[in-house]
Amino acid sequence: MRTAVLVEPNEFELEDRPRPSPGPDDVLVAVRDVGICGSDVHYYEHGRIGDYVVEDPLVLGHESAGEVVEVGENVTHHEPGDRVALEPGVPCRRCAHCKRGDYHLCEKVTFMATPPHDGAFTEYVSWPADFAYTLPESVSTAEGALCEPLSVGIHACRRGSVGTGDTVLITGAGPIGLMVLEAARAAGATDVILTDVVEEKLEFAKERGADLTVDVTETDLDAAVAEYTDGVGADVVVEASGAEPSIKSTIDVVRRGGTVVLVGLASEAEVPIDVLELIDNEVDVHGSFRYKNTYDAAVDLLADGEVDVEGIIDFESELEDIDDAFRRAMEPTVVKGMISLDS
Ligand SMILES: NC(=O)C1=CN([C@@H]2O[C@H](COP(=O)(O)OP(=O)(O)OC[C@H]3O[C@@H](n4cnc5c(N)ncnc54)[C@H](O)[C@@H]3O)[C@@H](O)[C@H]2O)C=CC1
Ligand SMILES: CC(=O)[C@H](N)C(=O)O
């Protein structure tokens, strides 16, 4: 089977690898669509993300969906022909975190495209059947693949307890910020503000329904939020840029008693925050790491037409053109590139 392998930074090789056989609890999936995530691009460019280092050739891609072609002997809820979205993180199911229900925090998780685990830029993936979610007729496999970033958005909104009538400020209008926008709307937020430093990203966010957009290179964010919220501040602030100034700004623009959710990964682990301000304003700060129990919700939201994910796709490429696709994905105005396979 054709497989795009990252052999060294900035270089994929297309290899012919043996097709896997599904284990007794697995489904074998013919991959149809795989999104290019910022983390894929980071591994491609730098060969590492923090402590995760690409030491051996690695298959990238963790936003995937496809068609079941074979099922293991214990699998009863899938059959060949089913179209499925694959949740990329499979936990150990035994550790303390798994047993308390926080399976996304499992330290032994097998997460696609995170060294040393291979991902989905390949023709076939064998995957645990309970981490494959059936897509209804109305949901495309491209949308199925984007259940992954949508899941990040749903989980962030759940962490922030976004609710009906809330004003939500999202910093960073990349794919994650835009998926938080979708999830926040679905959770009942009535006012959504997005920030960025790239004008095109903000125009796009506006087209996708942001009530207010703020270019933080030109406009004072505190003043803009104060004006929009009559001096109160945002109920929930979701940080989705990873930029240090943006992380710092979150506690200035959240309302007293409000919630800050940190999603963006800062390049420096330590970002100075005024803790007295946090205490005095009784701000809740939550980290948000990947997601748990979001795929069913993501598929339902897509099936009901409550969210749009396909609209963030800028281009689709074939597996053979993956190097070009990655270079395109690095352009600052591009939101999402997809690799589509027609095996
Ligand atoms: N916690 C988690 O589970 C996950 C975290 N992430 C992280 O979330 C962040 C967002 O992911 P993507 O949307 O894929 O990244 P991205 O890089 O495509 O988007 C980030 C956006 O932030 C904008 N930006 C840069 N500086 C800014 C500033 N000072 N203020 C406002 N916006 C600014 C950029 O122009 C860009 O549009 C990244 O840090 C990524 O590593 C991504 C997935 C899961
Ligand atoms: C941090 C990422 O972007 C990636 N989606 C991951 O969950 O590892």
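Calculation rules
- Residues numbered from 1 in each chain as written.
- Chains lettered and ligands numbered in written order.
- Predicted model: local features only at pLDDT ≥ 70, side-chain atom pairs only at ≥ 80, totals over all residues.
- Heavy atoms only, no water.
- Salt bridge = Lys/Arg side-chain N within 4 Å of Asp/Glu carboxyl O.
- Buried < 20%, exposed > 50% of the residue type's maximum accessible area, 1.4 Å probe, protein only.
- Helix = DSSP H or I, 4+ residues; strand = E, 2+ residues; numbered from the N terminus.
- Near = heavy atom within 4 Å.
- Polar contact = N/O pair within 3.5 Å; in protein donor to acceptor, adjacent residues only side chain to side chain.
- Areas by Shrake-Rupley, 256 points an atom, 1.4 Å probe, with all protein chains shown as cover.
- Nonpolar A, V, L, I, M, F, W, Y, C, P; charged D, E, K, R; others polar.
- Pairing = 2+ DSSP bridges.
- Axes fitted to C-alpha atoms, helices over the stretch in contact; angles between N-to-C directions.

Here's the deal with the pattern of salt bridges
- With the rule as written, the count across this model stands at 15 salt bridges.
- The partner of Glu15 in a salt bridge is Arg17, and the shortest N-O contact between them spans 3.1 Å.
- On the basis of relative accessible area, Glu15 is assigned to the partly exposed category, the value being 26%.
- Among the residues examined, Arg17 registers a relative accessible area of 23% and is labelled partly exposed.
- In this structure, Arg208 and Asp308 form a salt bridge, with 2.6 Å as the shortest nitrogen-oxygen distance. Taken as a pair, Arg208 in the loop between α6 (199-207) and β14 (212-215) and Asp308 in the loop between α10 (295-303) and β18 (313-317) lie far apart in primary sequence, 100 residues in all.
- Relative accessible area serves as the criterion here: at 31%, Asp308 is assigned to the partly exposed category.
- In this structure, a network of salt bridges that share partners links the residues Arg2, Glu123 and Glu320.

Let's talk about the site of ligand 2
- In the vicinity of ligand 2, the contacting residues are Cys37, Ser39, His62, Phe111, Leu265 and Arg290.
- Note that a nitrogen atom of ligand 2 is positioned 3.1 Å from one of the side-chain N or O atoms of His62.
- Separating an oxygen atom of ligand 2 from a side-chain N or O atom of Arg290 is a distance of 2.7 Å.
- With the chains in place, 71% of the 250 Å² that ligand 2 exposes on its own is no longer accessible.
- Within the shell around ligand 2, the residues separate by chemical class into 3 nonpolar, 2 polar and 1 charged.

Some points on the sheet that holds strand β15 (residues 234-239)
- Across the sheet, which stays open at both edges, the 6 strands sit in the order β14-β13-β12-β15-β16-β17 with parallel pairing between neighbours. Edge positions in the open sheet fall to β14 and β17 (284-287), since each of these has one partner strand only. On average, each strand axis in the sheet is inclined to that of its neighbour by 15°, with strand direction left out of account.
- In this sheet, β17 lies alongside strand β16 (residues 254-262) in parallel orientation, the contact comprising 4 bridges.

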